[in-house]
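What follows is the residue order along each chain.
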Amino acid sequence: MDSLQQRSSTVQEPPGAVPAYRPTPPPAWQPRTDPAPLLPEAEPLRVLGTDAVADADPALLLRLYAELVRGRRYNTQATALTKQGRLAVYPSTTGQEACEIAAALALEERDWLFPSYRDTLAAVARGLDPVQALTLLRGDWHTGYDPHEHRIAPLCTPLATQLPHAVGLAHAARLKGDDVVALAMVGDGGTSEGDFHEALNFAAVWQAPVVFLVQNNGFAISVPLAKQTAAPSLAHKAVGYGMPGRLVDGNDAVAVHQVLTEAVARARRGGGPTLVEAITYRIDAHTNADDATRYRTAGEVEAWRAHDPILLMERELTERGLLDEDGRSAAAEAAETMAAELRERMNADPVLDPMELFSHVYAEQTTQLREQAAQLRAELEAEGEA
């Protein structure tokens, strides 16, 4: 047998014969994109508590702090409104305020924000009226504001469907020559949806000016991240689509702002999309209808409370001499004023017109809608006469 193998290995292929198949790429094959520059950080990027914070603008630090305090009060007030029956549901971002605030502040006025249903705070930080931001969750309108006026897409309740919309807007803006960037927010649960993968693929192929921010708060309702993916991190998923992945401490407002600002600038100058994963934690339950004690421990929550974004910022500002007791009181008072106004306005019963059901469904109403509107109008008139 050995001599037979030796003879067969020395047999020469005759001239013109088809070469034997070799299950390896030809020598000219090479990756379309070098993966090394696309890989995320080995550890989540941090600025607070490091030497890098010395380069941060003190005015930015103070603004981030004031917005964080205001955002925390907004969350607690909105949660209280659900208990009072003034909101049907509220998905709190307590503990995630740094991601929400940084996303809003990283954008220019001409840019677009594409929020999920949990990102009302990001919309408010971008300048949206808090009552308008909560109109959807109150059940009055599908969207309580003009998206074009505020450059904020409608709050998206289906998981991740806002991501392809963000890519489409960003791609269209670039084709028109508009200097516009779209920032799309999604939770870790949304990365398990097909829309997430489709959006990333199209964004990278088209080099669309869009930034994807994944707020990894540990759970998709009750499903932990380990049961959703075996990837080293969600930021690593960027490499498979040909875009950079960034990994950042989502409770470090300065770090999140820095990473998002860099990603927005890169997109604006034609560098294409970026996937940013912010490691954070949802302190409150998924919504007021959820019992988080069924799938996580009190000890886990308390451990994250020690890494609270407001505490991190307060510690840094205090150590640098930028914040004293008067500054803390001023931020708290401003937040309380906002909460009192929100509470007063939300406690007033809204005046709703049933005919508004047919507004903004289509640019021009269809025949069916006109018929339905006429039927409802007749019923309302008959009820009024009765």
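Rules behind the numbers
- Each chain carries its own residue numbering, running from 1 in the direction its sequence is written.
- Restriction of local features to residues with pLDDT of at least 70 applies here, the model being predicted, together with a cutoff of 80 or more for giving and counting side-chain atom pairs; totals for whole chains, interfaces and linings are based on all residues.
- In computing side-chain values, all of the structure's heavy atoms are included and hydrogens and water are not.
- Joining through side-chain atoms within 4.5 Å is the link that ties buried Ala, Val, Leu, Ile, Met, Phe, Trp, Tyr and Cys residues into a set, and such a set is a nonpolar core.
- Each residue is placed in one exposure class: buried if its accessible area under a 1.4 Å probe, protein chains only, is under 20% of its type's maximum, exposed if it is over 50%, and partly exposed if it falls in between.
- In this description a helix means any DSSP run of H or I spanning at least four residues, a strand means any run of E spanning at least two, and both kinds are numbered starting from the N terminus.
- The term disulfide is used for any two cysteine sulfur atoms that are within 2.5 Å.
- Fitted lines through C-alpha atoms serve as axes, helices being fitted only where they are in contact, and the angles separating the N-to-C directions of these axes extend from 0 to 180 degrees.
- For a crossing to be left-handed, the near helix must be turned anticlockwise from the far one by less than a right angle; the clockwise case is right-handed.
- By definition in these notes, contact holds between two residues if any of their heavy atoms fall within 4.5 Å.
- Here the aromatic set is Phe, Tyr and Trp, taking the six-membered ring for Trp, and pairing holds for ring centres within 6.5 Å; pairs whose planes are under 30 degrees apart are stacked, those over 60 apart are edge-to-face, and all others are tilted.

Visitor: Lay out the nonpolar core with the relevant residues and their values.
Guide: Ranked by size, the top nonpolar core spans 65 residues in total, and within it Tyr74, Leu134, Leu183, Leu260 and Met313 carry the most contacts. With 9 residues, the top contributor of residues to this core is helix α11 (residues 253-268). Counting 26 residues, the second-largest nonpolar core is a separate cluster that includes Leu163, Val167, Val186 and Ala203.

Visitor: Please give an account of the environment of Leu352 that cites residues and values.
Guide: Among the structural elements, Leu352 can be located in the loop between α14 (325-346) and α15 (367-385). Taking C-alpha positions, Leu352 is 7.6 Å from Asp140, a pair spaced 212 residues apart along the chain.

Visitor: Can you lay out the state of the cysteines for me, pointing to particular residues and giving the numbers?
Guide: The tally for this structure, following the rule as stated, stands at 0 disulfides. Between Cys99, a free cysteine, and Cys156, which holds the nearest cysteine sulfur, the sulfur-to-sulfur gap is 18 Å. Judged by relative accessible area, Cys99 falls into the buried class, the value being 0%. The class for Cys156 is buried, based on a relative accessible area of 9%.

Visitor: Let's hear about the packing of helix α2 (residues 58-83) against helix α13 (residues 309-319): which residues, and what values?
Guide: At their nearest, the axes of α2 and α13 sit 10 Å apart, and the two run at 150 degrees to each other. α2 and α13 meet at a crossing whose hand is left-handed. Packed against α2, whose contacting residues are Leu61, Leu62, Leu64, Tyr65, Leu68, Val69 and Arg72, the element α13 presents Pro309, Ile310, Met313, Glu314 and Leu317 at the interface.

Visitor: Let's hear about the packing of aromatic side chains: which residues, and what values?
Guide: Tallied over the full model, the rule gives 5 aromatic pairs. Centre to centre, the rings of Tyr74 and Tyr90 are 6.2 Å apart; their planes meet at 80 degrees, and the pair counts as edge-to-face. With a gap of 16 residues between them, Tyr74 in helix α2 and Tyr90 in the loop between α2 and α3 (97-105) connect regions that are remote in the sequence. Each member of the pair, Tyr74 as well as Tyr90, is classed as buried. When the centroid spacing of 6.1 Å and the interplanar angle of 35 degrees are considered together, the rings of Trp112 and Phe114 count as tilted. Look at Phe114 and you get buried, because its relative accessible area is 5%.

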